[in-house]
Amino acid sequence: MTDFLGVSRSATGRRWVGLSSDADRQAQAIAQQTGLPATLSRTLARLGVLPENATAYLSPALRDLMPDPSIFRDMDSAAARIMLAISKRERIAIFADYDVDGGSSAALLIDYLRQMGLTATLYVPDRIDEGYGPNEPAMADLASRHNLIICVDCGTLSHDAIAAAKGCEVIVLDHHMGGETLPPALAVVNPNRQDEDNDFGNLCAAGVVFLTLVAVNRLLRAEGQNTPDLMALLDLVALATVADVAPLTGLNRALVRQGLVIMGRRNRVGLAALSDAARLTTAPNSYHLGFALGPRINAGGRIGRADLGARLLSTDDPHEAEAIADQLSQLNDDRREIEAQVRLQAMEQAEARGFDAPLVWAAQEGWHPGVVGIVAARLKEATNRPTVVIGFENGEGKGSGRSVTGIDLGSAIATCTREGLLLKGGGHKMAAGLTVSAENLEPAMERLAELLDKQGASSIGPKDLMLDGSVMPSAITTELVEQLEQAGPFGAGAPAPRFALPAQRIAFAKRAGENHLRLTAQDSGGARIDAICFGAFDSAIGPMLEDNRGKLFHLAGRLEIDEWGGRKKAKLRLEDAAPAE
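Remember, it's a predicted structure, so these values are computed and weren't measured experimentally.

The rules behind these values
- Residues numbered from 1 in each chain as written.
- Predicted model: local features only at pLDDT ≥ 70, side-chain atom pairs only at ≥ 80, totals over all residues.
- Heavy atoms only, no water.
- Pairing = 2+ DSSP bridges.
- Helix = DSSP H or I, 4+ residues; strand = E, 2+ residues; numbered from the N terminus.
- Axes fitted to C-alpha atoms, helices over the stretch in contact; angles between N-to-C directions.
- Buried < 20%, exposed > 50% of the residue type's maximum accessible area, 1.4 Å probe, protein only.
- 1 Å grid on protein atoms, 1.4 Å probe; cavity = no way out; pocket = protein on both sides within 12 Å on 5 of 7 lines; lining within 4 Å.
- Points joined across faces, edges and corners; volume = space filled by probe spheres on them.
- Nonpolar A, V, L, I, M, F, W, Y, C, P; charged D, E, K, R; others polar.
- Disulfide = S-S within 2.5 Å.
- Phe/Tyr/Trp six-rings, centres within 6.5 Å; stacked < 30°, edge-to-face > 60°.
- Salt bridge = Lys/Arg side-chain N within 4 Å of Asp/Glu carboxyl O.
- Parallel < 35°, antiparallel > 145°, perpendicular 65-115°, else oblique.
- Contact = heavy atoms within 4.5 Å.
- Expected span 1.5 Å × (residues − 1).

(A) Region of the structure containing the sheet that holds strand 8 (residues 387-393). Pairing is mixed across the open sheet formed by five strands, whose spatial order is 7-8-9-11-10. Only two strands of the sheet have a single partner each, and these edge strands are strand 7 (360-365) and strand 10 (424-427). Neighbouring strand axes in the sheet, compared pairwise and without regard to direction, differ in orientation by 15° on average. As defined by bridge partners, strand 9 (residues 396-402) adjoins strand 11 (residues 431-437) across seven bridges and the pair is classed as antiparallel. Note that in strand 11 the partner of Ser400 across the bridge is Gly433.

(B) Main features of the pairing of strand 10. Because side chains alternate across strand 10, one face comprises the buried residues Gly425 and Gly427, and the other comprises Lys424 and Gly426, none of which is buried. Summarising the sheet, strand 10 and strand 11 pair through four bridges and their orientation is antiparallel. The residue of strand 11 that forms the bridge with Gly426 is Gly433. Hairpin connection, strand 10 to strand 11: the antiparallel pair is bridged by three residues.

(C) Focus on the layout of surface pockets. For the second largest pocket, the calculated volume is near 450 Å³. If you go around the second largest pocket, you meet 26 residues; those closest to its centre are Asp235, Ile262, Arg266, Asn267 and Arg268. Going through the elements one at a time, helix 6 (100-115), helix 11 (250-264), helix 12 (269-277) and helix 14 (308-314) are the ones with two or more residues in the lining of the second largest pocket. For the lining of the second largest pocket, the element with the highest residue contribution is helix 12, accounting for four residues. Looking at the lining of the second largest pocket residue by residue, the class counts come to 11 nonpolar, seven polar and eight charged.

(D) Representation of the state of the cysteines in the model. With the rule as written, the count across this model stands at zero disulfides. No disulfide involves Cys151; its nearest neighbouring cysteine sulfur is the one of Cys154, lying 5.1 Å away.

(E) Seen up close, the packing of aromatic side chains. What the rule picks out here adds up to three aromatic pairs. Where Phe72 meets Phe200, the ring centres are 5.9 Å apart and the plane angle is 55°; that geometry is what we call tilted. Of the two residues, Phe72 sits in the loop between helix 4 (62-65) and helix 5 (75-87) while Phe200 sits in the loop between strand 6 (187-189) and helix 9 (205-222), which places them 128 residues apart along the sequence. Taken together, a centroid distance of 4.8 Å and an interplanar angle of 25° make the contact between Tyr287 and Phe291 stacked. Taken together, the residues span about one helical turn, with Tyr287 and Phe291 both in helix 13 (residues 286-303) at a distance of four residues.

(F) Broad picture of the environment of Thr55. Within the secondary structure, Thr55 is located in helix 3 (residues 54-58). Sequence spacing of Thr55 and Ile30 is 25 residues, and the spatial spacing of their C-alpha atoms is 9.5 Å.

(G) Region of the structure containing the pattern of salt bridges. Counting across every chain of the model gives 34 salt bridges. The partner of Arg549 in a salt bridge is Asp547, with the nearest N and O atoms 3.3 Å apart. Arg549 sits in the exposed class, given a relative accessible area of 70%. Using a relative accessible area of 45% as the deciding quantity, one classes Asp547 as partly exposed. Each of Arg335, Glu339, Arg343, Arg378 and Glu381 takes part in salt bridges that share partners, so that together they form one network.

(H) Molecular detail of the sheet that holds strand 5 (residues 169-173). Pairing is parallel in the open sheet, where five strands are placed in the order 3-2-4-5-6. Each edge of the sheet is formed by a strand with only one pairing partner; in this case those strands are strand 3 (121-123) and strand 6. For this sheet, the mean angle separating the axes of adjacent strands, direction not counted, is 20°. Judged from the three bridges that link them, strand 2 (residues 92-96) and strand 3 form a sheet pairing that is parallel. Bridge pairing in strand 3 links Ile94 to Leu122.

(I) Representation of the packing of helix 10 (residues 234-243) against helix 13 in the model. Put simply, helix 10 and helix 13 touch, their axes get as near as 9 Å, and they point 85° apart. What the angle tells us is that helix 10 and helix 13 run roughly perpendicular. Of helix 13, the residues touching helix 10 (which contributes Ala238, Leu239 and Val242) are Ser286, Leu289, Gly290, Leu293 and Ile297. Residues that form the contact of helix 10 with helix 13 fall into these classes: six nonpolar, two polar and no charged.

(J) Just empty space enclosed by the protein, in detail. Applying the stated criterion to the full structure yields two cavities of 30 Å³ or more. What the largest cavity holds in volume is close to 60 Å³. Taken together, Val481, Leu484, Glu485, Phe490, Ala496, Pro497, Phe499, Arg558 and Leu559 form the lining of the largest cavity. For the lining of the largest cavity, the secondary structure elements donating two or more residues are helix 19 (478-485) and strand 17 (552-564). Quantified by volume, the second largest cavity comes out at close to 40 Å³.

(K) Examining helix 9 more closely. Counted at 1.5 Å a residue, the expected span for helix 9 with its 18 residues is 26 Å, and the 26 Å between its end C-alpha atoms agrees. Judged by how many residues are buried, helix 9 sits mostly within the fold: 13 of 18 residues are covered. Note on helix 9: the residue one or two positions beyond its end, Gly224, has a positive phi of about 85°.

Dropping the structure here:
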């Protein structure tokens, strides 16, 4: 595959790659058979859409992609038990993880049960004091006061904690990788149980909860009862799916697409308040969910009160929603400062070990456990390698890992846990968590690197920048951007379209804030487009374009619509650049 525009190494160290010859032919076929614009056809071809499926892909029907919930093991038992609890007005507790997926999953159940006349108890463990997942004291206490405990986004590996819930039945609704045995729960609904054989392992926990509620609704309707409108809950499913970096393909894509429509109506006071706190002035898209709303919700679990996110998403009180949204925004600002310090130290440490190893890792006493996952993600982006970052306190380290496509980090960490090198560990292919003792740190990382090396992690080269083609400023209009958005939503598993703007002169460039860059690009015909490059001065992009000296540059990034004062115009979110001369 040849370098696109001859760029073999850009300002961010990447090779630019265009569509393969097969995808290019596919794009032409899509355009000819459907009449769709060439630019949109290229994006569809890159996403693997066939010409005969193109029209349906642009308008996915949720009903055509939804499975029968009963295909999941234990689903019928879980749905019947929840229906019984509703019918008997039982006391229900929800034990949720502290991230966006856990908070959204809890809010789904709380909202649903409230509409059925029940008030559920919410319990979210403290990340630092209690750690991830159910623990024995909390489960025993909840069991003493409730008839049913529903664990969401956690619980699949919590054998002892669930056994501690004596006298109370437990249901687990989860998506994390299961072990060889299941905990002693009434039902464990999890597409990633080892004995599952369906094709829905990419669902996040909120997706599993939604399907469970579909099953409960079906049972209640069979009894002649009125049931909640589940479509109105899809805003929560969309938020969780994007924030948990689940692939936006198939059912997930349809759930997020419909959920964004629901979210745009601003009927959920918590999300409306958070959108206002984040100063979102346009209809929500997947980028907003992943980079504006998600981090704010996660900030509560990372460095504040663990239950803030779930409370925000489940409240029906506008005043409470506004107060929590403001609190989460402040916590997110604090999180950024803590993260920046840890990221700098972790990068230096990992660089000293070498970025070409099968595992890039860093560990240090005092690093806040609430930010190690974000820092691991930043290291992964910088190195294109599986990463683990661990913060130690009193001889015990709590860490988080992120992986790259094709490397199953979750299974490798599970192996290290079974072998006794880790105190705890689990997750899925792309993300996982672990707990390790100080004396086992080096042996555990060596073994983890060995396992990842066997999967081919050492042979992964620098990450390529995939481009759908080139476009000139004169052709970039709001209509073009809106056409491209029809192929969305974009995210994990369905990257957003990125285009190159060849041979542009920088007509204007100015630093914005500490490390961002605003600029205006101009082509040879005089057509211009405004652009923003976030984090430009964290790479060579900022210095190169700021001190451009009239040279020509190839620019690459995403096309977006900027709304200001009631007016719309197209702009470029610049992600990379390379000299054109």
